[in-house]
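Structural features, examined
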Amino acid sequence: MRALTWQGKHDVRVETVPDPEIVNPRDAIIKVTSTAICGSDLHLYDGVIPGLISGDVLGHEFMGEVVETGPASTLKKGQRVVVPFTISCGKCFFCERQQYSACDNSNPADKQDLSEPLYGHAMGGLFGYSHLTGGYPGGQAEYVRVPYSDVGPLVIPDGLEDDKVLFLSDILPTGWMAAENADIEEGDVVAVWGCGPVGLFAVQSALAMGAGRVIAIDEYPTRLNLARDLGADVIDFKQTPVLETLMAMSGGIGPDAVIDAVGMEAHGFAPDTIFDNIKQHVGIGADSAHALREAIMAVRKGGRISIPGVYGGFLDKFPLGALMEKGVQVRTGQTHVQRYTKDLLHKIGEGEIDTTFLISHRLPLEDAARGYENFRYKQNEWTKVVLKPGTGAAS
C-alpha cells in the first residue's frame, strides 16, 4: 500500500509499505477514505518530538471503510467509521473512568520504558505519532490496522459525508474538551491563544457552552477572520499588546478562563520565544511556551487555565509564582476522544456544529509532502489539509 512516512526533520515521503494485517482478535482493518494533517503532526515534521524512526507511517486523523475484522471486533465489513487518534482498551483502570487517552494497555510493554522516564508513567497508545506512544502506523495511508476496534471507532450513518465528520477523530473533541476543561460558566470572558484548528474549535465550543465573550489571539489574518466569523473578538498579537488589551476587554480583572491551543512551538519575537526556539533547535528538549506563560499572566485571580496545546519536554522561565498566588485551576491532557464522539456526532447531524469551514485544501495522498510543507509555512492560506488516498485531483 501507499503511505506517508517520516524520514527526518522536514522530510516526509509517500512510499510503498507492507499492507496491515489482523494481529489480535479485537483488530480491524480500515480502508482510509479521508485523512488530515494535524497541527500536532507539524511537531513531528519539525523534529521536536522524540521517538520517531525513519520509515514510520504518520497520521492520526482518519476515517474509512471496514474491510476486515478480527473475531472479537464488533465492527462489520462495509461500515464507515471515524477512528479516534487515541488507542484505548476500554477495560483498564483509566478507560473505565472514561480517561481513554491514559489507557494502560494500548502502549505495548516493550515501548512503555521509552516514555515512563520522561513523564513518570507510560503514555497511552496513539496512531502515527511516536514510539513513545506505541509506534503504531498511522492513518495517512491507504489502509490502517485499528487495535481495540470494539472500543474506539465510531460508525457513521449514511448521509453524512466525510468532510462533516472526519474531525471527530481528534480536533473537534479536542476543542470541546479544551472548553470543558475551562469550566465555562454562563457569561464568562474566555481568551483562546491560537486560531489553528484546535483553537477555532475551542472558540466554537466555548460559545456553545455559554461564554459571554470569547477573545481569539493569533497573528494570521485568515485564521483571525475565521474566529471572528464564529463569533469571537480577536487580537492580532503582532499589532496589539495582548495583556493590556485583555485587561481592557474584561473590565480590568482579566479573562475568567484561558485556553492555550498553541503548545510547544509558540512563534513570534517576544524575548522568551526567541530563546526557547534556539534551545529547541539545538536539541536540549525545551518547549517554546510563550503562549502558556502569557495565558497564566492574563487569567484573572481564581480563574481557570485549559491546555490542549501539545507539550513534550521541559519548560523554564515558568511563572509558577503567578500560578500559585492567583489561585488558578489548571487542566490539561491528551483528549479522551471516545468520551465525546457520540454527542458531537449528534450535534453535527442536527446541524448544531459545522466543521467544514476549516478545510482550505484537499490533496491526493501522493501530494502529502506538499501539504505538510504548505501547512507548516503558509499557515495563513493553508488552514486545514485533507488528504484523499486513491485520488488524483487536488483543490
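Residues numbered from 1 in each chain as written. Predicted model: local features only at pLDDT ≥ 70, side-chain atom pairs only at ≥ 80, totals over all residues. Heavy atoms only, no water.

The protein is annotated in an unreviewed UniProt entry as Glutathione-dependent formaldehyde dehydrogenase of Paracoccus albicereus. The annotation that UniProt attaches to the protein under Sequence similarities (unreviewed entry) is "Belongs to the zinc-containing alcohol dehydrogenase family." Listed in UniProt under the heading Cofactor (unreviewed entry), the comment for the protein reads: "Zn(2+)". (UniProt positions renumbered as here; feature names shortened; annotations may be inferred.)

Here we come to the pattern of salt bridges. Side chains that carry opposite charge are capable of pairing whenever their charged atoms lie near each other. Summed over the entire model, instances satisfying the criterion amount to 20 salt bridges. Measuring nitrogen to oxygen at the nearest pair gives 3.9 Å for the salt bridge that ties Arg293 to Asp316. Of this pair, Arg293 sits in helix H9 (residues 290-298) while Asp316 sits in the loop between strand E15 (304-307) and helix H10 (320-325), and the two are 23 residues apart along the sequence. Here Asp316 and Lys317 are joined by a salt bridge, their closest N and O atoms 2.8 Å apart. By relative accessible area, Asp316 is classed as partly exposed at 35%. Connected via shared salt-bridge partners are Arg80, Asp162 and Lys388. (Salt bridge = Lys/Arg side-chain N within 4 Å of Asp/Glu carboxyl O. Helix = DSSP H or I, 4+ residues; strand = E, 2+ residues; numbered from the N terminus. Buried < 20%, exposed > 50% of the residue type's maximum accessible area, 1.4 Å probe, protein only.)

Looking at the secondary structure, you find Ser88 in the loop between strand E7 (86-87) and helix H2 (109-119). By relative accessible area, Ser88 is classed as buried at 3%. Side-chain polar atoms of Ser88 contact the backbone oxygen of Tyr100, separated by 2.9 Å. For Ser88, the side chain forms a polar contact with the side chain of Gln338, separated by 3.3 Å. Excluding its chain neighbours within four sequence positions, the residues that come into contact with Ser88 are Cys95, Tyr100, Ser101, Cys103, Ser106, Tyr148, Val151 and Gln338. (Polar contact = N/O pair within 3.5 Å; in protein donor to acceptor, adjacent residues only side chain to side chain. Contact = heavy atoms within 4.5 Å.)

To continue, consider the UniProt feature "domain: Alcohol dehydrogenase-like N-terminal" (unreviewed entry) in the protein. Per the UniProt entry, the sites bearing "domain: Alcohol dehydrogenase-like N-terminal" (unreviewed entry) are residues 25-153 in this numbering. Here residues 25-153 runs as 14% helix and 26% strand, with 15 Å between its end C-alpha atoms.

On to helix H6 (residues 221-230), then. Turning to H6, its buried residues are Arg223, Leu224, Leu226 and Ala227. Seen along its axis, H6 keeps its buried residues to an arc of 155 degrees; they face one direction. Once H6 finishes, Gly231 follows within two positions and takes phi at roughly 120 degrees, a positive value. (Arc of directions from axis to C-beta.)

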